[in-house]
Amino acid sequence: MTAGPAGTDTTGATAQAARDVLVDTYPSFQLSFDTALTTQLVAIPDSPSKAPGIACGSSPPITSSRCVRAMFQARVRLTASAIPGWWVPTGSLTTPLFQQFAHVTPWAMSSST
């Protein structure tokens, strides 16, 4: 979401941005998200800052590059190993957590260094 002008309604911007990200991530639920957005926007009192806030929130979300969708789809098969530095199952944890992040293109960093 881009920074809006002074006096921009942040509630409208947040509601619109959340709807856009959710629809991009879960397109089959668009009708539900649109209904929820309408309910939220109707509750915001009309003011000169309402429309600019909604427009600010409808800026292209970080999901436009599909990096977040790849995060949910990427799955890795890891085999336990006794080699130092390799994954080893412990306790009730039988699969490594957040393994999919190894395959996600960063969207908020230009470099790792």
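Let us look at the structure shown here. Just so we're clear, the structure is a prediction, and the values are computed from it rather than from any experiment.

What follows concerns a nonpolar patch on the surface. Nonpolar side chains collect at one region of the surface, where L22, Y26 and F29 lie side by side and expose about 270 Å² of accessible area between them. Inspection of the secondary structure puts F29 in the loop between α1 (10–25) and α2 (30–43). Classification of F29 by relative accessible area gives partly exposed; the value is 45%.

Assignment of secondary structure puts D20 in helix α1. Residue D20 is classed as buried on the basis of its relative accessible area of 13%. At 2.8 Å, the side chain of D20 and the side chain of R19 are in polar contact.

On to the pattern of salt bridges, then. Following the criterion strictly, the structure yields 3 salt bridges and no others. Note that D34 is salt-bridged to R19, the shortest N-O span being 2.7 Å. Of this pair, D34 sits in helix α2 while R19 sits in helix α1, placing them 15 residues apart in sequence. Given a relative accessible area of 25%, D34 falls into the partly exposed group. The salt bridge partner of K50 is D46, with a shortest N-O separation of 3.3 Å. K50 sits in the buried class, given a relative accessible area of 12%. Through salt bridges with shared partners, a single network forms among R19, D20 and D34.

Okay, the packing of aromatic side chains next. Applying the stated rule across the entire model yields 1 aromatic pair. Aromatic side chains F29 and F33 sit 6.3 Å apart centroid to centroid with 55° between the ring planes, which places their arrangement in the tilted category.

Below, the discussion takes up α2. If you check α2, its first and last C-alpha atoms are 20 Å apart, about what 14 residues at 1.5 Å a residue would give, namely 20 Å. Those residues of α2 that fall on the buried side of the exposure criterion are F33, L37 and L41. The buried residues of α2 all sit within an arc of 65° when viewed along its axis, so they share a single face. Within α2, the exposed residues directed more than 90 degrees away from the buried face are L31, T39, V42 and A43. Where α2 is buried, its residues contact α1 and α3 (50–57).

What counts, and at which threshold
- Starting afresh in each chain, residues are numbered from 1 along the sequence in its written order.
- For this predicted model, a pLDDT threshold of at least 70 governs which residues receive local features, and a threshold of 80 or more governs which side-chain atom pairs are given and counted, while totals over whole chains, interfaces and linings are taken from all residues.
- Excluded from the side-chain calculation are hydrogens and water; included are all heavy atoms of the structure.
- Only residues above 30% relative accessible area that lack a salt bridge enter a patch, with like-charged residues linked at up to 9 Å and the nonpolar side chains Val, Leu, Ile, Met, Phe, Trp and Tyr linked at up to 5 Å.
- For the area figures, the Shrake-Rupley method with a 1.4 Å probe applies, and any residue is considered shielded solely by the protein chains shown.
- Basic side-chain nitrogens of Lys or Arg form a salt bridge, by our definition, when they fall within 4 Å of a carboxyl oxygen of Asp or Glu.
- Starting at the N terminus, helices and strands are each numbered in turn, a helix being any DSSP run of H or I of at least four residues and a strand any DSSP run of E of at least two.
- Burial status follows relative accessibility: with a 1.4 Å probe on protein chains alone, a residue under 20% of its type maximum counts as buried, one over 50% as exposed, and anything between as partly exposed.
- Polar contacts, as used here, are pairs of N or O atoms within 3.5 Å; protein pairs need one atom able to donate a hydrogen and one able to accept it. Residues neighboring in sequence count only if both atoms are side-chain atoms.
- Stacked, edge-to-face and tilted labels apply to pairs of Phe, Tyr and Trp rings (six-membered ring for Trp) whose centres lie within 6.5 Å, assigned for plane angles under 30 degrees, over 60, and everything in between, in that order.
- Take the residue count of a helix, subtract one, and multiply by 1.5 Å to get its expected span.
- In this context, the arc is that of the directions from the helix axis out to the C-beta atoms.
- Working rule for contacts: check all heavy atoms of both residues, and any pair within 4.5 Å makes them a contact.

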